[in-house]
Amino acid sequence: MLIDAEAVVSSYDAVREALPALAVLLTSDSPELRAETANLFAWFPESVMALAETPEATTLRAVEAMLVGLADCTGVERYYDRYYTAHRLFTLVFPGKPAEAPQSFGDLSDVQQRVVRFIADQDADGWPAGGMDALRRWKVPTGHSDLRAYVGGVQAG
């Protein structure tokens, strides 16, 4: 079976162009639709940029869906996708430098807590190194054991 490379590239480009319009599906009431949309976004390293341009970018549902996509970026071959996606997501959720650094995990927003919990729950193979500078600006621990202790003081919700 021959694969028409030009058709594959055209299809890829067409889906990539539609991503900003599909971002609203990341806030759907359907967990299956959110997960499938996140999986679609995960195929496009630049997908987080498309999502970042939408007003829905930092809603809890959208962040949850983006974390599903990030969790799917496993293995050595997806290292750069994982790094880039994590960097963009963490920069969205922890923008700039806060006027006042949070004193504890409980001082973070729900969205920020979800991202920090996600990071703390990852094993060494899934540790999303990209974007740790955003956490440092917010004075959130970035060492794996320190981060787990930081999260451990509050029950998961």
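Scroll up to find the structure.
What counts, and at which threshold
- Here the residue numbering is sequential within each chain, running from 1 through the sequence in written order.
- Reporting in this predicted model follows two pLDDT cut-offs: at least 70 for local features of residues, and 80 or more for side-chain atom pairs to be given and counted; totals over whole chains, interfaces and linings ignore these cut-offs and use all residues.
- The basis for every side-chain value is the complete set of heavy atoms in the structure, and neither hydrogens nor water enter the calculation.
- In this text, helices come from DSSP runs of H or I with a minimum length of four residues, and strands from runs of E with a minimum of two, each type numbered from the N-terminal end.
- Remark: exposure states derive from per-residue accessible area (1.4 Å probe, protein chains only) relative to the maximum for the residue type, with buried under 20%, exposed over 50%, and partly exposed in between.
- By definition, residues are in contact when any of their heavy atoms lie within 4.5 Å.
- Aromatic contacts are taken between Phe, Tyr and Trp rings whose centres are within 6.5 Å, Trp giving its six-membered ring; a plane angle under 30 degrees counts as stacked, one over 60 as edge-to-face, and the others as tilted.
- Any carboxyl oxygen of Asp or Glu that lies within 4 Å of a side-chain nitrogen of Lys or Arg is treated as forming a salt bridge with it.
- An axis is simply a line fitted to the C-alpha atoms; with a helix, the fit covers only the stretch in contact. Between two such axes, the angle follows the N-to-C directions and lies from 0 to 180 degrees.
- Throughout this description, any angle smaller than 35 degrees is read as roughly parallel, any larger than 145 degrees as roughly antiparallel, any in the 65 to 115 degree range as roughly perpendicular, and the remainder as oblique.
- Throughout, a crossing is termed right-handed when the near helix is turned clockwise from the far one, and left-handed when it is turned anticlockwise from it by less than a right angle.
- In this classification, Asp, Glu, Lys and Arg are treated as charged, Ala, Val, Leu, Ile, Met, Phe, Trp, Tyr, Cys and Pro as nonpolar, and every other residue, Gly included, as polar.

Chemist: Before we move on, could you go through the overall build of the chain and cite the residues and values that matter?
Modeler: Scanning the chain from terminus to terminus reveals eight helices and zero strands. Mapped from its N terminus to its C terminus, the chain presents α and β elements in the order α-α-α-α-α-α-α-α. Counting over 157 residues, the chain shows a buried share of 39%. Partitioning the contacts of the chain with sequence separation of at least 6, the portion at a separation of at least 24 is 66%.

Chemist: Tell me about the packing of aromatic side chains, residues and numbers included.
Modeler: Any two aromatic rings considered together are summarised by their centre-to-centre distance and by the angle between their planes. Summed over all chains, the structure comprises two aromatic pairs. Between F94 and W138, the aromatic rings sit 5.5 Å apart at their centres with planes inclined by 75 degrees, giving edge-to-face as the arrangement. Placement of the pair is F94 in the loop between α5 (79–93) and α6 (110–121) and W138 in the loop between α7 (132–137) and α8 (144–152), with a sequence separation of 44 residues. The two residues F94 and W138 agree in class, both being buried. Here the aromatic rings of F105 and Y150 are separated by 5.9 Å at their centres, their planes lie at 85 degrees, and the arrangement is edge-to-face. Note that F105 is positioned in the loop between α5 and α6 and Y150 in helix α8, a separation of 45 residues in sequence. Residue classification places F105 among the buried positions, given a relative accessible area of 1%. Residue Y150 is classed as buried on the basis of its relative accessible area, which comes to 16%.

Chemist: Tell me about the pattern of salt bridges, and name the residues and values.
Modeler: Taken as a whole and judged by the stated rule, the model has two salt bridges. Across the pair R16 and D13 runs a salt bridge, and its minimum N-O distance is 3.1 Å. Of this pair, R16 and D13 are both found in helix α1 (residues 5–22), three residues apart, which corresponds to roughly one turn of the helix. For D133, the salt bridge goes to R137, with nearest N and O atoms at 3.8 Å. Separated by four residues within a single helix, D133 and R137 lie in helix α7, roughly one turn from each other. D133 sits in the partly exposed class, given a relative accessible area of 36%. Overall, the relative accessible area of 28% leaves R137 in the partly exposed class.

Chemist: An account of unusual backbone geometry is needed here, citing residue identities and associated values.
Modeler: For residues that are not glycine, phi is negative in most cases, and the peptide bond is trans in most cases. In this structure, K139 is a non-glycine residue whose phi angle is positive, near 65 degrees. In this structure, K139 sits in the loop between α7 and α8. Here K139 falls in the exposed class, since its relative accessible area comes to 55%.

Chemist: Which residues make up the packing of helix α4 (residues 60–72) against α5, and what are the values?
Modeler: Look at α4 against α5: their axes get within 10 Å of each other, and the N-to-C directions meet at 160 degrees. The angle between the axes of α4 and α5 places the two elements in the roughly antiparallel class. Between α4 and α5 lies a crossing of left-handed hand. Taking contact as the criterion, the partners of V63, M66, L67 and L70 in α4 are, on α5, R82, T85, A86, L89, L92 and V93. When the residues that make up the contact of α4 with α5 are grouped by side-chain class, the tally is eight nonpolar, one polar and one charged.

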